[in-house]
Amino acid sequence: MTTQEAIYKYALRLGDNSLILGHRLSELCSRGPILEEDLALTNISLDMIGRTQALLKYAAEIEGKGKTEDDLAYRRPENNYYNNLITEQPNGDFAHTITRQLFISVFEYLFYSQLEKSKDETLSAIAKKTVKEIKYHMQHATDWTIRLGDGTEESHKRMQKAVNDLWMYTGELFEMDEVDTLLFREGISADLIPIKAQWQNDIKIILIEATLTLPEDSFMQTGSKQGIHTENLGHILAEMQYLQRAYPDAKW
Amino acid sequence: MSLDSQFDLWEVFIQSKSGQPYVHAGSIHACDNKMAMQNARDTYTRRGEGTSIWVMPSKYIVASNPDDNEMLFDPANDKVYRHPTFYVMPEGAKNI
């Protein structure tokens, strides 16, 4: 694998993560628990879609086959998607939406803070812009986690269930394959090992404040870096890609 | 359940840029300070409208009673000399 190919795959993965989570959050438009929260979640969704645009555009540029970010988003089959499995998990109840956001935002904050120092100028520039946005996503998710975890008996129970349900998708965030190691040697990618320790520490502090129990590490789901997904991704893509598939090159 | 089950009401004031007055933007619902600030930000500044936000619980606003309007506001109607309209505005003076 050349550095070029690795950067393509790396940008694609990062773009897929924000695309799929952004799509998930967009499903909540008009379905938020209150009007203000509806806006908050869709704002986060729009941040994610903006980030996707920059990342997939860069991936398409690096690939050099004359594709656009839209080609990559709307014309790739499921097994060529590399988003982390946690991003495609259903919104569930509000506790699941918030817990998924917490796990991902704390990770992304640490990740993109490191990626700011990347020797790849485009990735570094995207990271700098993105960190500001993620800081807000993280604050929003953290506050809700504490509010609901340390809230009523019902909200506490639902939050603990969401934490337990989603925990098995967190191991994958820190997996490093040949793309990561190759780019790490070149000073381009982030080192996921220290990020993992910091993430566990940060999440632990938040969960303790929220009076929630950190699950024991047991079986962790894996596969997204090879394009293997849970059944959820197919449904997302069916909806997201329908128009381009049914009416290729449709304009409006 | 009460008619309004969406937490307490807060008033939002936005400053468009430094030095400008804070202008009432509208209201939001929130159950604590942090949520009020976040909801105000998400509701009223997502298109670059502001550089600073104030939020305050609506219950602390003291409003005038419409029944008192004659007493409060009518006396100002016929006193044109209260308006400093006889001065020439210096060139370069902004925001007056």
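Not measured: the values here are computed from a predicted model. The residue numbering used here restarts from 1 in each chain and proceeds along that chain's sequence as written. Here chains are named by letter from A upward and ligands by number from 1 upward, in the order in which they appear as written. Whole-chain, interface and lining totals are the exception, using all residues; otherwise, since this is a predicted model, local features are given only for residues with pLDDT of at least 70 and side-chain atom pairs are given and counted only at 80 or more.

Residue position: Ile 34 of chain A is located in the loop between helix 1 (3–26) and helix 2 (35–63). Assessed through the 16 C-beta atoms surrounding it within 10 Å, Ile 34 of chain A is described here as partly exposed. Leaving out residues up to four positions away in the same chain, Ile 34 of chain A has contacts with Gln 6 and His 29 of chain B. Only runs of H or I of at least four residues qualify as helices and only runs of E of at least two qualify as strands under DSSP, and these elements are numbered from the N terminus. Burial in this document is a count-based property: other C-beta atoms within 10 Å of a residue's C-beta are tallied, and the residue is buried at 20 or more, exposed at 12 or fewer, or partly exposed in between, with C-beta positions derived from the backbone. Here, residues touch in the contact sense if the C-beta positions derived from the backbone fall within 7 Å of one another.

For every residue, the predictor reports its confidence as pLDDT, a number between 0 and 100. For chain B, per-residue confidence averages 88 on the pLDDT scale, and 94% of positions sit at 70 or higher. Mean pLDDT values for the elements of chain B range from 90 in helix 2 (residues 69–73) of chain B up to 97 in strand 3 (residues 52–57) of chain B.

Okay, the nonpolar core next. The term nonpolar core refers to a group of buried residues, namely Ala, Val, Leu, Ile, Met, Phe, Trp, Tyr and Cys, whose C-beta atoms join them within 7 Å. Core analysis: the largest hydrophobic core is formed by 68 residues, its most contacted members being Ile 7, Ala 11, Leu 55, Ala 59, Val 106 and Phe 107 of chain A. Formed by 10 residues, the second largest nonpolar core is a distinct cluster that contains Ile 14, Ile 28, Ala 40 and Tyr 44 of chain B.

With that out of the way, let us pick up the pairing of strand 1 (residues 8–15) of chain B. Residue and element names in this part refer to chain B. Two strands pair when backbone bridges link them, and strand 1 and strand 2 (residues 22–30) are joined in this way by 8 bridges, in the antiparallel orientation. Within strand 2, the residue paired with Asp 8 across the bridge is Ala 30. Pairing between strands requires that DSSP locate at least two bridges from one strand to the other. Joining the antiparallel neighbours strand 1 and strand 2 is a turn of 6 residues, in which Gly 19 adopts a positive phi near 95 degrees.

Listed by partner, the interface residues are 10 residues for chain B and 7 residues for chain A. Among the elements of the structure, strand 2 and helix 1 (33–44) of chain B are those that each provide at least two residues to the side of chain B that touches chain A. Among the elements that line the side of chain B that touches chain A, the one with the most residues is helix 1 of chain B, at 6 residues. Looking at the side of chain B that touches chain A residue by residue, the class counts come to 2 nonpolar, 5 polar and 3 charged. Residues are grouped as follows: Ala, Val, Leu, Ile, Met, Phe, Trp, Tyr, Cys and Pro are nonpolar; Asp, Glu, Lys and Arg are charged; every other residue, Gly included, is polar.

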